[in-house]
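# Structural description and commentary
Chain residues, written in single-letter form:
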Amino acid sequence: VSMAPSLAGQSLLGSQGLGMPLESIDARARALGSVGVGLLGPSLSMADPASAARIFLPSAQFTLQPHWVDSELAGQAVNTQSVRFPQVGVAYPIPSLAGTAVLHVGSFMDQRWKVEQASTQEFRDTEIDVVDVFESDGGISTFQVGWAQRVREDLSLGVEVGTRMGSVTRTFSRVIDGDSIFQVVPFRTGGEWQYSGLTTVFGFQWDPIRVIRLGGSVRLSQDLKAKPTDGTEGGSETFALPTEYRLGASGILTPRLALSVGFSYADWTSSNEYLGPEALAGAVMSYGGGIEWAGPGLGARTFPIRLGMRKSDLPFTFDGENPSETVLSGGIGLNLMPPQSGLIGAVDLAFEKGTREAGSLSESFWKATVTFRVGSF
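Residues numbered from 1 in each chain as written. Predicted model: local features only at pLDDT ≥ 70, side-chain atom pairs only at ≥ 80, totals over all residues. Heavy atoms only, no water.

Attention shifts here to the overall build of the protein. If you tally the helices and strands in the protein, you get two helices and 21 strands. Classification of the 377 residues of the protein by burial places 48% in the buried group. Partitioning the intrachain contacts of the protein with sequence separation of at least 6 by distance along the chain shows that 65% fall at a separation of at least 24. Carbon and sulfur atoms make up 61% of the accessible area of the protein, which totals about 17,800 Å². (Helix = DSSP H or I, 4+ residues; strand = E, 2+ residues; numbered from the N terminus. Buried < 20%, exposed > 50% of the residue type's maximum accessible area, 1.4 Å probe, protein only. Contact = heavy atoms within 4.5 Å. Areas by Shrake-Rupley, 256 points an atom, 1.4 Å probe, with all protein chains shown as cover.)

All told, the structure shown has 15 salt bridges when counted by the stated rule. A salt bridge links Arg28 to Glu292; the shortest N-O distance between them is 2.9 Å. With Arg28 in helix H1 (residues 27–31) and Glu292 in strand E15 (residues 283–293), the pair connects residues that are 264 residues apart, well separated along the chain. The two residues Arg28 and Glu292 agree in class, both being buried. With a closest N to O distance of 3.8 Å, Arg30 and Glu352 form a salt bridge. Separated by 322 residues along the polypeptide, Arg30 in helix H1 and Glu352 in strand E20 (residues 343–358) bring together distant segments of the chain. Residue Glu352 is classed as buried on the basis of its relative accessible area of 5%. (Salt bridge = Lys/Arg side-chain N within 4 Å of Asp/Glu carboxyl O.)

Here we come to the environment of Gly146. With respect to the secondary-structure elements, Gly146 resides in strand E7 (residues 126–152). Remark: the alpha-carbon pair of Gly146 and His104, spanning 42 residues in sequence, is separated by 8.7 Å.

Turning to the side chain of Asp110, a few remarks are in order. Within the secondary structure, Asp110 is located in strand E5 (residues 99–110). Polar contacts involving the side chain of Asp110 include one to the side chain of Arg112, which spans 2.7 Å. (Polar contact = N/O pair within 3.5 Å; in protein donor to acceptor, adjacent residues only side chain to side chain.)

Attention shifts here to the confidence of the model for the protein. Model confidence for the protein is summarised by a mean pLDDT of 87, while 89% of its residues fall at 70 or above. In this model residues 1–6 is a low-confidence stretch, pLDDT under 50, and it forms 20 contacts with partners more than four residues away in sequence or in other chains. (pLDDT = per-residue confidence, 0-100.)

Topologically, Ser71 is positioned in strand E3 (residues 59–73). Polar side-chain contacts of Ser71 include one of 3.0 Å to the side chain of Glu363. For Ser71, the contacting residues outside a window of four places in its chain are Leu12, Gln76, Ala77, Val78, Leu361, Ser362 and Glu363.

Let us now look at the pairing of E5. Taken residue by residue, a regular strand's side chains alternate between the two faces of the sheet. With nine of its 12 residues buried, E5 lies for the most part within the structure. Note that strand E2 (residues 20–21) and E5 share two bridges and pair antiparallel. From the neighbouring strand, Met20 faces E5, where its bridge partner is Asp110. In textbook terms, the turn of a hairpin is the stretch between consecutive antiparallel strands, and for strand E4 (residues 76–94) and E5 this stretch comprises four residues, one of which, Ala98, has a positive phi near 55 degrees. Direction of pairing for E5 relative to E7: antiparallel, over a ladder of 11 bridges. Residue Thr100 lies in a different strand from E7, and its bridge partner there is Ala148. (Pairing = 2+ DSSP bridges.)

Only one face of strand E11 (residues 224–228) is buried: it carries Leu224, Ala226 and Pro228, and the other face, with Lys225 and Lys227, is open. Here E11 runs beside strand E12 (residues 237–239); their pairing, made up of three bridges, is antiparallel. By the bridge assignment, Leu224 is partnered in E12 with Phe239.

With that out of the way, let us pick up the packing of aromatic side chains. Across all of its chains, the model carries three aromatic pairs by this definition. Considering the side-chain rings of Trp268 and Phe316, the 5.1 Å spacing of their centres and the 70 degrees angle between planes classify their relative orientation as edge-to-face. Remark: Phe316 occurs in the loop between strand E18 (305–313) and strand E19 (324–335) and Trp268 occurs in the loop between strand E14 (257–267) and helix H2 (272–275); sequence separation between them is 48 residues. Of the residues examined, Trp268 reaches a relative accessible area of 6% and is grouped as buried. The ring centre of Phe108 lies 3.9 Å from the NZ or CZ of Arg164, which sits over that ring. (Phe/Tyr/Trp six-rings, centres within 6.5 Å; stacked < 30°, edge-to-face > 60°. Lys NZ or Arg CZ within 6 Å of the ring centre and 35° of its normal.)

Structure, rendered in structure tokens:
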């Protein structure tokens, strides 16, 4: 006899396909509902390699993201929370070349989840309690280096190359309550797989007129390879990753108010051979936008305020249904140090309230994203 399973994870959707997608974009982009391209001002973005061309000081950026998830599956409620680190970036401008060298490490897919299934089994005419535990720990990240070039005052181009990296450990264990009959040693099996695969992203930023910015990027990825470590049974597996397209635009509505919109698209159909068509949602899109108000000021310091919303399809099915995510967001920028100090420091804060739906699964979540930026003369 089986009983209702106990579930845990950053999202139950992380148990499907290659995991739960994690975008490596900063707090400002999240607050604006952005896909990470076409925003006004300079930025360190893995999704928009051309944006670093407008960084004129050696700079570093670090993002962390605590989040809280309330899930419900087949009438069972699960509450989880954790902290992840979606992005680290470094930029070093070289004025004589009118460009900027960049380095990034960012998130890609999360595969942290756990399922416990309690049941009773009959053994020698006696019913005993059994608990099966399936657990996955790990994920996939991306490491990139690149160059952003100012071609003209109104046009920048960028390219970054890198590799996927990371690992996942999966285990299955069975604990049998047989103390009253005989001594039982828990059964446990599993293994670890390491990921690799090259990736390249090209991007542009163009200001056709002074009050409008257009941006876009294309990411090409080699097949993702999962290789078992020593002691893990089985061979290597490969998974086709789709080409990803992003477009964004921003416009200045008034001297203190700006609007941004964005769109992304990727078709996972080519992964059918590796993951199976029943596991894939096929073509997925994400679109959103927001407004940014210059906000109050304190001397040379400014505190911009942002609001946005975004809707996204997720690539791997759950319970036979295509999952989707809807998010409302807001945030504030804290420019902490005036330029005359020789050191520029800022913190961007974003708060997101969202829902996910797929078949019998529903999730409600909060995210708080914090990005620290520092640069020096």
